[in-house]
Amino acid sequence: MNRIRKGDQVLVITGKNKGQRGEVLRVEGERVFVSNVNLIKRHTKPNPQANQAGGIVEREASIHLSNVQLFNPATNKGERVGTKTLNDGRKVRVFRSSGEVVDA
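Reference entry: report on the structure contained in this document. (Residues numbered from 1 in each chain as written. Predicted model: local features only at pLDDT ≥ 70, side-chain atom pairs only at ≥ 80, totals over all residues. Heavy atoms only, no water.)

**Here's the deal with the environment of His64**
Position of His64 among the secondary structure elements: in strand β6 (residues 62-64). For His64, a relative accessible area of 27% translates into the label partly exposed. Along the backbone, His64 and Ala53 are 11 residues apart, and their C-alpha atoms lie at a distance of 30 Å. With residues up to four places along the chain from it excluded, the contact list for His64 reads Glu30 and Arg31. A distance of 3.2 Å separates a polar atom in the side chain of His64 from a polar atom in the side chain of Glu30. (Helix = DSSP H or I, 4+ residues; strand = E, 2+ residues; numbered from the N terminus. Buried < 20%, exposed > 50% of the residue type's maximum accessible area, 1.4 Å probe, protein only. Contact = heavy atoms within 4.5 Å. Polar contact = N/O pair within 3.5 Å; in protein donor to acceptor, adjacent residues only side chain to side chain.)

Here's what the structure looks like:
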C-alpha cells in the first residue's frame, strides 16, 4: 500500500522547495509530481500535427517520495504515515502521531 497517492495534500520537507505544499498530480515509482512545486522551464519545438505551439513551457518536475510528507489538516503539519488493518479486514493509512485514519 502506497503511503502517498494521487490527490493527497503533501508538504515538501527538504530541498529547494522546503515548506511548500501542494496536491499530488501523479506518482511514478518512487517519485511524485506535486502541483506548483519544483517548477522547471522546458524548451519545446512546435508540433503542428498535435496542434502544439513551441516555446518555453513551465511545468512540474518530480520529487523523491522521501522528500515529502502527507499533510495533516488537524495539526497543520506534515506527518508520517503507517498502515493499519481494521476489524472488517480493510487496510487503511493512519497518521503515526495520532492514529487518526487518513482514508475515509
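Back to the write-up after that little detour.
**Some points on the pattern of salt bridges**
Throughout the structure, instances matching the rule amount to 3 salt bridges. Among the ionic pairs, Arg90 bridges to Asp88, the shortest N-O distance being 3.1 Å. Judged by its relative accessible area of 54%, Asp88 is exposed. (Salt bridge = Lys/Arg side-chain N within 4 Å of Asp/Glu carboxyl O.)

**A short note on the nonpolar core**
Ile4, Val10, Val12, Val24, Val32, Val34, Val37, Ile63, Val68, Leu70, Val81 and Phe95 form the largest nonpolar core, which has 12 residues in total. Among the secondary structure elements, those contributing two or more residues to this core are β1 (9-12), β3 (31-34) and β7 (68-72). Every residue in contact with Val37, bar those within four places of it in the chain, is listed here: Val12, Asn17, Gln20, Arg21, Glu60, Ala61 and Ile63. (Core = buried A, V, L, I, M, F, W, Y, C linked by side-chain atoms within 4.5 Å.)

**Points about the packing of aromatic side chains**
With the rule as written, the count across this model stands at 0 aromatic pairs. Directly above the ring of Phe71 sits Arg21, whose terminal nitrogen or CZ lies 4.1 Å from the centroid. Between the NZ or CZ atom of Arg26 and the centre of the ring of Phe33, over which it lies, the distance is 3.8 Å. (Phe/Tyr/Trp six-rings, centres within 6.5 Å; stacked < 30°, edge-to-face > 60°. Lys NZ or Arg CZ within 6 Å of the ring centre and 35° of its normal.)

**Examining unusual backbone geometry**
Phi at Asn38 is positive, roughly 60°, even though this residue is not glycine. Considering the arrangement of structural elements, one finds Asn38 in the loop between β3 and β4 (39-44). One non-glycine residue, Asn51, lies in positive phi territory at about 55°. You can see Asn51 is positioned in the loop between β4 and β5 (55-60). Here Asn51 falls in the exposed class, since its relative accessible area comes to 74%.

**Brief notes about the sheet that holds β1**
Judged by pairing direction, the sheet is antiparallel, and its 6 strands sit side by side in the order β6-β3-β2-β1-β7-β8 without closing on themselves. Looking at the sheet topology across the chains shown, the edges are occupied by β6 and β8 (77-79). Strand-to-strand twist of the sheet, defined as the mean angle between neighbouring strand axes without regard to direction, takes the value 55°. In terms of strand pairing, β1 meets strand β2 (residues 21-28) through 3 bridges, oriented antiparallel. Note on β2: the bridge partner recorded for Leu11 is Arg21. (Pairing = 2+ DSSP bridges. Axes fitted to C-alpha atoms, helices over the stretch in contact; angles between N-to-C directions.)

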